[in-house]
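Residue strings, one per chain:
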Amino acid sequence: MRIVSELDEIAISSPIGSTGRALALAATALAAFLGLAASAMAQSEMLERGAVLFAAAGCANCHTDRKNQGPLLAGGRSLITPFGTFYAPNITPHPEFGIGAWSDEDFIRALREGVAPDGSHYFPSFPYTSYTNMTDEDMLAIKAYIFSLEPVAQESRPHELDFPYDQRWALPFWKWLHFEPGPKPLAEGQPDEVRRGAYLVEAVSHCGECHTPRGRLGGLDRSMWLAGSSDGAEGEKVPNITPDAETGIGDWSADDITFLLSMGLLPDGDVVGSTMWEVVSDGTDQLSAEDQEAIAAYLMALPPIEHRP
Amino acid sequence: MGVTKHLAAVVLAAAVAAGPASLATAADGEAVQAVKARQDLMKSIGGNVKGLREMLQGKNTDTAADAQRRAEEIAESARQIAVLFEPEYHISNVGDIETTAKPELWTDYEDFTSKATALEEASGELALAAQTEDMNAIKTAFGDMSKTCGGCHQAYRVKKD
């Protein structure tokens, strides 16, 4: 066999004897095996990490038409906003109807820059304005997890937007006004736990997309960060979650917050309202206790803002 | 009528659990009584959930035995849910009393009652966990039970502001 003869030649020309050669072969085989095992391990760790991030990022909430028992990530859930109705697209790994043909670079570009593989711009209903601050590594873990799911051949439904919000050509201008591509460091100079919480709240779970009021063109009003919004998705009021004692959650303890994130419970024994339940269930409840505590630490460290949505 | 008798028993049980403040009066129609009774029932469950949660947070002096009692009360309440939401007590039959039940509750009635059964089972599990006095087991069972509350409210309760 050719390979063997080549190895023999190497062996002959090298100072190692036959025992050495056998050892070298064994070592090579072992290294190859360990390499495979390590990459399998890395792969399964990446999937696990991706599953948690996928849950915390709430991907399935918009990309699945749960109301009509639609298949996971096949798109179609409506997001009713003051600008019109958005329908999240199919992001299953189907090569034609989903994102199965996307490269790692395509995926990162979509989340980081809000740009599709064909160069068109996404509406900010897709919260790349938040995801932009995720690390490449976390984005790719999410991609790996999505690609491990079932591909679904279902066409995405186009958005139904009111004029002038339906003008996709205007999106670069909107982005210029309201979007700053990341990743930028969050909660700089704060303790590690708060910074981890900032990453989860701001980049991954994109809490600000609902809990922060928007201006006329749909950009977030950062001066009112997490201070609640009177026109959230589905026309719901979204509460102020800054630590203001009167209008926010200033009287909540850290574990009041973690009970909400892990079980959907409010301090009074009730459960959270409909949209937040979607966020908690198979969402923030999948985060580790440390991550939930980090979110609590971050929220409690925010400047309190008096605002009743 | 069997159902009416059953309702009367449940209304009474719920009223006893919730205390005399919200007793439905005899003058109320049956559907209104059912609405009041189910609202009292939910308040009673909420009170027990709050007590359990405060125990887990170390905010009250409840013992594992208290947790078991609360879990059993919740299981008992859960058994009454289906009766109080029977089709004849549909929101369209209750006059102008305020209710946060969604119409879907009755169009998907089977799913609704299966969710009530899930609460009954999960609170039963919590009662068993409480018997072990293992706080971690209690917390896990409590979390599982709370999720049955959230899942059902998400589907069948109008969101409060």
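Notes on the structure follow. In this text, all values refer to a predicted model and were calculated from it rather than measured experimentally. (Residues numbered from 1 in each chain as written. Chains lettered and ligands numbered in written order. Predicted model: local features only at pLDDT ≥ 70, side-chain atom pairs only at ≥ 80, totals over all residues. Heavy atoms only, no water.)

### Some points on the overall build of chain A
Move 1: Looking only at helices and strands, one finds 12 helices and three strands in chain A.
Move 2: Out of the 309 residues belonging to chain A, those deemed buried represent 45%.
Move 3: Taking contacts inside chain A between residues at least 6 apart in sequence as the whole, the part at least 24 apart equals 60%.
Move 4: Accessible surface for chain A amounts to roughly 15900 Å². Of this, 58% is attributable to carbon and sulfur atoms. (Helix = DSSP H or I, 4+ residues; strand = E, 2+ residues; numbered from the N terminus. Buried < 20%, exposed > 50% of the residue type's maximum accessible area, 1.4 Å probe, protein only. Contact = heavy atoms within 4.5 Å. Areas by Shrake-Rupley, 256 points an atom, 1.4 Å probe, with all protein chains shown as cover.)

### Looking at empty space enclosed by the protein
Residue and element names in this part refer to chain A.
Move 1: Taken as a whole and judged by the stated rule, the model has three cavities of 30 Å³ or more.
Move 2: The residue inventory of the lining of the largest cavity, partitioned by class, reads two nonpolar, three polar and three charged.
Move 3: Shared between two domains, the lining of the largest cavity holds at least three residues of each, these being domain 1 (43–184) and domain 2 (187–309). (1 Å grid on protein atoms, 1.4 Å probe; cavity = no way out; pocket = protein on both sides within 12 Å on 5 of 7 lines; lining within 4 Å. Points joined across faces, edges and corners; volume = space filled by probe spheres on them. Nonpolar A, V, L, I, M, F, W, Y, C, P; charged D, E, K, R; others polar. Domains from an automatic or database assignment.)

### Here's the deal with the packing of aromatic side chains
All names here are of chain A.
Move 1: Tallying each qualifying case throughout the model produces 14 aromatic pairs over all chains.
Move 2: Within the aromatic cluster, the residues linked to one another by ring pairs are Tyr122, Phe126, Tyr128, Tyr131 and Phe179.
Move 3: Lying across the ring of phenylalanine 147, lysine 143 places its NZ or CZ 4.3 Å from the centre.
Move 4: Cation over ring: arginine 157 sits above tyrosine 87, and NZ or CZ is 4.0 Å from the ring centre. (Phe/Tyr/Trp six-rings, centres within 6.5 Å; stacked < 30°, edge-to-face > 60°. Lys NZ or Arg CZ within 6 Å of the ring centre and 35° of its normal.)

### Observations concerning the interface of chain A and chain B
Move 1: Of the residues lining the interface, 21 residues belong to chain A; the matching set on chain B comes to 21 residues.
Move 2: Each partner contributes to the roughly 1800 Å² buried at the junction of chain A and chain B, and carbon and sulfur atoms together form 57% of this total.
Move 3: It is Phe259, Met263 and Trp277 of chain A in chain A that bury the most area against chain B; as a group they hold 30% of the surface buried on that side.
Move 4: Joining chain A to chain B, the criterion identifies four salt bridges.
Move 5: Salt-bridge contacts for arginine 53 of chain B lead to aspartate 256 of chain A; the nearest nitrogen and oxygen are separated by 3.0 Å.
Move 6: If you look at where chain A meets chain B, you find 10 residue pairs in polar contact (both at pLDDT 80 or more). (Buried area = accessible area lost by both parts, 1.4 Å probe. Salt bridge = Lys/Arg side-chain N within 4 Å of Asp/Glu carboxyl O. Polar contact = N/O pair within 3.5 Å; in protein donor to acceptor, adjacent residues only side chain to side chain.)

### Digging into the layout of surface pockets
Move 1: When its volume is computed, the second largest pocket comes out at roughly 980 Å³.
Move 2: Arg66, Lys67 and Glu278 of chain A together with Gln154 and Ala155 of chain B are, among the 30 residues lining the second largest pocket, the residues nearest its centre.
Move 3: Among the residues making up the lining of the second largest pocket, the classes are represented as four nonpolar, 10 polar and 16 charged.
Move 4: Among the domains, domain 1 (43–184) and domain 2 (187–309) of chain A are the pair contributing at least three residues each to the lining of the second largest pocket.

### A few points about the nonpolar core
Move 1: Ile142, Val204 and Tyr298 of chain A are the most contacted members of the largest nonpolar core, which totals 55 residues.
Move 2: Of the residues forming this core, the biggest block, seven residues, is contributed by helix 8 (residues 192–204) of chain A.
Move 3: Two domains each donate at least three residues to this core, and these are domain 1 (43–184) and domain 2 (187–309) of chain A.
Move 4: With residues near it in sequence (within four places) discarded, isoleucine 142 of chain A still touches Gly50, Leu53, Phe54, Ala57, Cys59, Phe107 and Met134 of chain A.
Move 5: Judged by nonpolar contacts, the second largest core, of 37 residues, contains Val271 of chain A together with Leu41, Ala141 and Met145 of chain B. (Core = buried A, V, L, I, M, F, W, Y, C linked by side-chain atoms within 4.5 Å.)

### Remarks on the sheet that holds strand 2 (residues 84–87) of chain A
Sheet strands pair via backbone hydrogen bonds, and the direction of the pair is either parallel or antiparallel.
Residues and elements named next belong to chain A.
Move 1: One open sheet accounts for three strands, arranged 1-2-3; its pairing is antiparallel. Sheet topology places strand 1 (78–81) and strand 3 (160–161) at the edges, where each strand pairs with a single neighbour.
Move 2: Relative to strand 2, strand 1 is paired through four bridges, and the arrangement is antiparallel. Looking at strand 2, one finds that threonine 81 is bridged to glycine 84. (Pairing = 2+ DSSP bridges.)

### Re the packing of helix 8 of chain A against helix 12 (residues 289–300) of chain A
All names here are of chain A.
Move 1: Remark: helix 8 packs on helix 12, axes separated minimally by 7 Å, with the N-to-C direction vectors making an angle of 95°. Relative to helix 12, the element helix 8 is oriented roughly perpendicular. The residues of helix 12 that touch helix 8, namely those facing Glu193, Val194, Arg196, Gly197, Ala198, Leu200, Val201 and Glu202, are Asp291, Glu293, Ala294, Ile295, Ala297 and Tyr298.
Move 2: A per-class count over the contact of helix 8 with helix 12 returns eight nonpolar, one polar and five charged. (Axes fitted to C-alpha atoms, helices over the stretch in contact; angles between N-to-C directions. Parallel < 35°, antiparallel > 145°, perpendicular 65-115°, else oblique.)

### Concerning a nonpolar patch on the surface
Move 1: A surface patch of nonpolar side chains, about 480 Å² in accessible area, is lined by Phe173, Trp176, Leu177 and Leu217 of chain A.
Move 2: Positionally, tryptophan 176 of chain A belongs in helix 7 (residues 171–178). (Patch = residues over 30% accessible without salt bridge, like charges linked within 9 Å, V, L, I, M, F, W, Y side chains within 5 Å.)

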